[in-house]
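Structural overview for review
Here is what each chain is made of, one letter per residue.
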Amino acid sequence: MTRNWIRSTSRTLALVAAFATLGLASLAHQAKADAAMPDAWITTKVKLALITAEDVSATKVNVDTVDGRVTLHGTVATAGEKAKAEQVARATTGTRDVRNLLQVVKPSAQADAAVTDAVLKDQVSAALAKDASLANSKIAVSSVNKGVVLLSGTAQTLSDTLRAVEIAARIDGVRRVASEIESPDVIGDAEVWRDGKYDAKAATSSTAQDMWTTSAVKMRLLASSHTPGFDINVDTDGGVVTLFGIVDSQVAKDEAGAEARKVDGVKSVANELQIVAPAKQEAVAENDGAIDDAVSKRLAANDRLKGSSIGVAVKNGIAHLTGSVDTQSDRITALTVTRSTSGVRGLVDDLKIVTPAVSSK
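The shown structure was predicted, so the numbers you read here are calculated from the model rather than taken from an experiment.

1. Some thoughts on the pattern of salt bridges
Taken as a whole and judged by the stated rule, the model has 15 salt bridges. Note that Asp-235 is salt-bridged to Lys-47, the shortest N-O span being 2.7 Å. Remark: Lys-47 occurs in helix 2 (residues 39–52) and Asp-235 occurs in strand 7 (residues 232–237); sequence separation between them is 188 residues. Neither residue differs from the other here; Asp-235 and Lys-47 are each classed as buried. Ionic pairing is found between Asp-349 and Arg-331, a salt bridge with its closest N-O pair at 3.0 Å. In this pair, Asp-349 is assigned in strand 13 (residues 346–353) and Arg-331 in helix 10 (residues 328–339), connecting sequence segments 18 residues apart. Owing to a relative accessible area of 24%, Asp-349 belongs among the partly exposed residues under this scheme. With relative accessibility at 9%, the residue Arg-331 sits in the buried group. Residues participating in the shared-partner salt-bridge network are Asp-67, Arg-69 and Arg-96.

2. Here's the deal with the sheet that holds strand 2 (residues 69–76)
Here three strands make up an open sheet; going across it, the order is 1-2-3 and the pairing mixed. If you trace the sheet from one side to the other, it starts and ends with strand 1 (61–66) and strand 3 (97–104), each paired once. Sheet twist, expressed as the average angle between the axes of neighbouring strands with direction ignored, equals 10 degrees. Direction of pairing for strand 2 relative to strand 3: parallel, over a ladder of eight bridges. By the bridge assignment for strand 3, Arg-69 is matched with Asp-97. Contacts between helix 2 and the sheet are confined to strand 1 and strand 2, with strand 1 contributing the most and set at about 150 degrees to the helix. Each of strand 2 and strand 3 touches helix 3 (residues 79–90); the most contacted strand, strand 3, lies at about 160 degrees to it.

Conventions adopted
- Residues numbered from 1 in each chain as written.
- Predicted model: local features only at pLDDT ≥ 70, side-chain atom pairs only at ≥ 80, totals over all residues.
- Heavy atoms only, no water.
- Salt bridge = Lys/Arg side-chain N within 4 Å of Asp/Glu carboxyl O.
- Helix = DSSP H or I, 4+ residues; strand = E, 2+ residues; numbered from the N terminus.
- Buried < 20%, exposed > 50% of the residue type's maximum accessible area, 1.4 Å probe, protein only.
- Pairing = 2+ DSSP bridges.
- Axes fitted to C-alpha atoms, helices over the stretch in contact; angles between N-to-C directions.
- Contact = heavy atoms within 4.5 Å.

If you want it as structure tokens, here you go:
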């Protein structure tokens, strides 16, 4: 009996250990997956979280993510709202850090016009139906209760979900938006970037088009030797590009604005970059070989780029990337990692998109 108990206990302990190992492996896998979320996905999720959060009015907040680091910019009404916005951003999966540039600006005193829930429902429904970019999604107003709008239905893309929530949040009288919209939980490659020029025939004020514009502006800023592309944040709304973040001179600020205006489809540029003089420090001369080695190591260490094959060549501080990556998101990640490496002054992008073959097994 004792032997049977020992054998039974041993089997139980073995099973517990196995499940614990599987649990740890699952957590490790999840942690890796979280760290490898594309920047565009993180930005979209943060925007959705801010708009649908209680006690945060995010209709005047810009969000951008660079290598998992989220920057918030714009205005909020109170210090509490600023702190809550940062808390929401930090809680979003994939966020590595948050730079909170939100300014507290008290709204002007004015009487809010009373709008009934029934009227709000009609207004939001009409605005959703009018937006051409949502034609392939089936999103409706489920209810309105004391100014809180509940959206439901299905969206073709995650960016369509964000678009619908943004439309509802901007209707006068809406206090908050809650969402039960079902949609893919990924950002499609075509939403982030596509090779070729802006397609005027397909252009709408959709979030997907704005996302493409944001990526196109970032690509130009990363490639320019006159702008610190990794310190400049970009957000686009209805074709209006907002630049925010930090540069070290008026020349760099002006150059960033000029580069953004060169992107097809940009209607205007709000250049809100702050000029902060660099701290006095001795310049460190870095040779091309050391820069090449540093870029290669940083690319190899990035979780998102594990399946990529990237070649690096550096000459006079200009990094030339060749080879292939799996997606356009990975391409932007590779460019961002490279440009943010100490000593890199500019980029030449010759990366190709090679989608991995799907096994039939």
